[in-house]
Amino acid sequence: MNNSFYIAWRYLQFHWGKTLLLILSIALVVFIPLGLNYLVNKGSEDLMDRAEKTPLIVGAKGSETELSLSALYFNKPKNDAVEFREVESIKEQDLGIPIPLNIEYQVKEQPIVGTTSAYFEFRNLELKEGRKMAILGECVLGVNTAKKLNAEVGGSVISSPSGAFDVAGSFPLKMTVVGILEETGTPDDEAVFTDIKTTWVISGKAHGHQDLQQVVNDTLLLNKNENRAVASPAVLSYTEITPENINSFHFHDDPGDYPVNAIIVVPNDRKSALMLRGRYENNQNSVQMLVPEEVISELVDTMISIRDLLILAGVIIGIACLAILAFVFALSIKLRKAEITTMKHIGASRNFVSSVLGIEIGIVLILAIILSGILTLTMGNYGIPLIEKLIS
Amino acid sequence: MKKTSLILAFLICLVSCKDKEKESPQEESKQPEEQPVVYVSNYPLYYFADKIGGEAIDLKFPASEETDPSGWVPGAEQIVEMQEADLILLNGATFEKWLTNVSLNDEDMVNSTAGLEDKMLPLGEKFTHSHGEGGEHTHEGTASITWLDLELAIAQAEKVNEALKNTAPEKSEEFQANFEQLKNNLTELHQNYQDLEIDPEKVQLIYSHPVYQYLQDAYRLKGESLHWEPSDEWNHDKKHEIEHLAKKGQKTYLIWEDEPSKAMKDGLEEMGVTSIVVNPLFGQPENLDFQEVVFKNLQSLQKISE
């Protein structure tokens, strides 16, 4: 047996190029269905895990998938925003805790999540350093965001315009970093968390400027009397909130009209959840309540259907490839007829020759399976973030 | 004899040690109960929470050093501490102007004037301005010294009571009993205020500041408001202002937040205007409590009606 193995191994070593090609071909044929299955299963588990931990989501009527992905993964919202009074209305019903999310803006590629401190408790987010945001203009960074933006506690980050053609629409606000979160392995690591009111400052709904009643510079005022002042465009809003100017920040109109992209609702109990869902189901207005678990489950089912089709295709291709490989091995034996005859002439039995050829095939197959296993594990570690990036 | 007394002393010591050993587990079990941490934004709420919650709550009034807590601006560190609170009692009616600039959990906050919006009064002053793309808009305030109407003060105390009962349900009975006592006292004071009879045909009231809207509205004490500080000097402008306001044939009273300067008082007296103090309880009063100040205010107002 040792002799057979030695001769087989030496043969494969001598023909290393052909052997490597065979191992790679077989490994890929095995890996495609195996890796795809692993990847989809792991991705589904991760998707479902975050969805299952989020009881209810409220948002504008439209794509349920878009709303769920916005609330869970902070995707740029494609549905309309709802009014903040929806949050107040849920609070008044006393059936659960509403957690508003405003996800309209970004710092470079990182989403700004305007919310309340209840979000940190809801997701069990722990601080690696610093503290939670306390006043307007402060933010807390996810651990990956801090690395990507090269930001630290005490530093600052600046919000980006919400679109290429919106250079004047949103407010480039300089926010002070007051905390960095522990790593969670979830989209929270990629976010810039701030109070929802700060996102309204970014949107221009709230702003701070010089007190127009105290302004003495005539170039800043077009018109002024005891009860009324009209400022000239020279009066600029503050782009940074500091202890000196924080009191000048004010909200225009009714904050109940202000936008909220999604509301996570944590019901008091199962009965409260059912009551809330019932109320929204009978609701004729433009707001919907959904169970993210159900929406993501549908998304996962679609992914699994596609996976099954791909696996079927992979298996068919695999069978064809294995048939070709069998043909290659058969041809190889035929080409090695002189070598086999020499082995027989120097005393090798028929069984010995068969075992050498069998071990050669076995080594190639085993190495191919090991390689496909390594590829699958690598895909498991690096493929999920890749899929999440593709989804977002 | 000496040996016997030594043995006796040893035995006594042993018994007392054993007794102490027996006591210690009981002492250990008497651990202090954890008090819910309750923050308040102004003195009247502090008084109500203290009267109702007593020793059962850990009451904190961060703006206690301020003369006027409505102008208090909390720092980030104070907000961080408030984020850890079990309950934050707010006055509402735009008293807490800092609230729009901070990040606090909605679930922890209780607005003591929530549901009383129809009883809120306007500040009486508005300012319109326009700038940028936003167009013209008006900043109009709500009068926030709500507790000067004792009916509203009782309603606020009731909200405090409900909030404390929700925070520490095991103490509900104690809180309710304390609230009932407070309510009775405030109701009696409210009744006395309602009994004030000041004839607007004979008496003219002028207020040093527009902060008495609820007092005026609740107890038929209408009058015009100035923007005078008790520390202001008596001068020609002030005299002119009074000449402009004072109506002939009526006894005029100027109601101050605090004792004015002697020169001011004398100057007004010369013009036939009597100064009286009605403390609006902006900040924590020295040596007196809420009810005592309200009673003292009542006595001042009773002098007018006499």
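About the cut-offs
Residues numbered from 1 in each chain as written. Chains lettered and ligands numbered in written order. Predicted model: local features only at pLDDT ≥ 70, side-chain atom pairs only at ≥ 80, totals over all residues. UniProt positions renumbered as here; feature names shortened; annotations may be inferred. Helix = DSSP H or I, 4+ residues; strand = E, 2+ residues; numbered from the N terminus. Buried ≥ 20, exposed ≤ 12 C-beta atoms within 10 Å, placed from the backbone. Contact = placed C-beta atoms within 7 Å. Expected span 1.5 Å × (residues − 1). pLDDT = per-residue confidence, 0-100. Pairing = 2+ DSSP bridges. Axes fitted to C-alpha atoms, helices over the stretch in contact; angles between N-to-C directions.

Identification of chain B as Metal ABC transporter substrate-binding protein from Christiangramia lutea is taken from an unreviewed UniProt entry. In UniProt, chain B has this text filed under Sequence similarities (unreviewed entry): "Belongs to the bacterial solute-binding protein 9 family."

Identification of chain A as ABC transporter permease from Christiangramia lutea is taken from an unreviewed UniProt entry.

1. Focus: the overall build of chain B
Tallying secondary structure elements over chain B gives nine helices and ten strands in all. Burial status across chain B gives 34% buried among its 306 residues. Put simply, of all contacts in chain B between residues at least 6 apart along the chain, 59% involve residues at least 24 apart.

2. Comments concerning unusual backbone geometry
What you tend to see is this: most non-glycine residues have negative phi, and most peptide bonds are trans. Although it is not a glycine, A:N150 adopts a positive phi angle of roughly 50°. Of note in this structure, B:A93 is not a glycine but carries a positive phi near 55°. Of the residues examined, B:A93 has 26 C-beta atoms within 10 Å and is grouped as buried.

3. Quick notes on the UniProt feature "coiled-coil region" (unreviewed entry) in chain B
Here, the residues flagged by UniProt with the feature "coiled-coil region" (unreviewed entry) are residues 154-199 of chain B. Overall, residues 154-199 of chain B shows 80% helix and 0% strand. The separation of its end C-alpha atoms is 27 Å.

4. A closer look at helix α5 (residues 172-194) of chain B
Each α-helix turn comprises 3.6 residues. Residues three or four places apart therefore point the same way. All names here are of chain B. Between the first and last C-alpha of α5 there are 32 Å, a value that for 23 residues agrees with the 33 Å anticipated at 1.5 Å per step. Of all the positions in α5, only F175, N178, F179, L182, L186, H190 and Y193 are classed as buried. For α5, the elements touching its buried residues are α2 (43-53), α4 (150-167) and α9 (290-305).

5. A short note on the confidence of the model for chain B
Residues shown with low pLDDT carry predicted positions that ought not to be read at fine detail. Of the residues in chain B, 84% have a pLDDT of 70 or more, and the chain-wide mean is 85. Per the prediction output, this complex has pTM 0.76; the corresponding ipTM is 0.73.

6. Brief notes about the environment of A:I340
Tracing the backbone through its elements, the reader meets A:I340 in helix α10 (residues 337-345). Considering only alpha carbons, one finds A:I340 and A:K76, 264 residues apart in sequence, at a separation of 67 Å.

7. A short note on the sheet that holds strand β7 (residues 203-207) of chain B
All names here are of chain B. If you trace the four strands from one edge of the open sheet to the other, you get β8-β7-β9-β10, paired in parallel fashion. In this open sheet, the two strands that pair with only one neighbour each are β8 (223-225) and β10 (273-277). Pairwise comparison of adjacent strand axes, ignoring direction, gives a mean angle of 25° for this sheet. In this structure, β7 lies alongside strand β9 (residues 251-256), joined through five bridges in parallel fashion. When the sheet's bridge partners are listed, I206 is paired in β9 with L254. Running over the sheet, α9 touches β7, β9 and β10 and is turned about 155° from β10.

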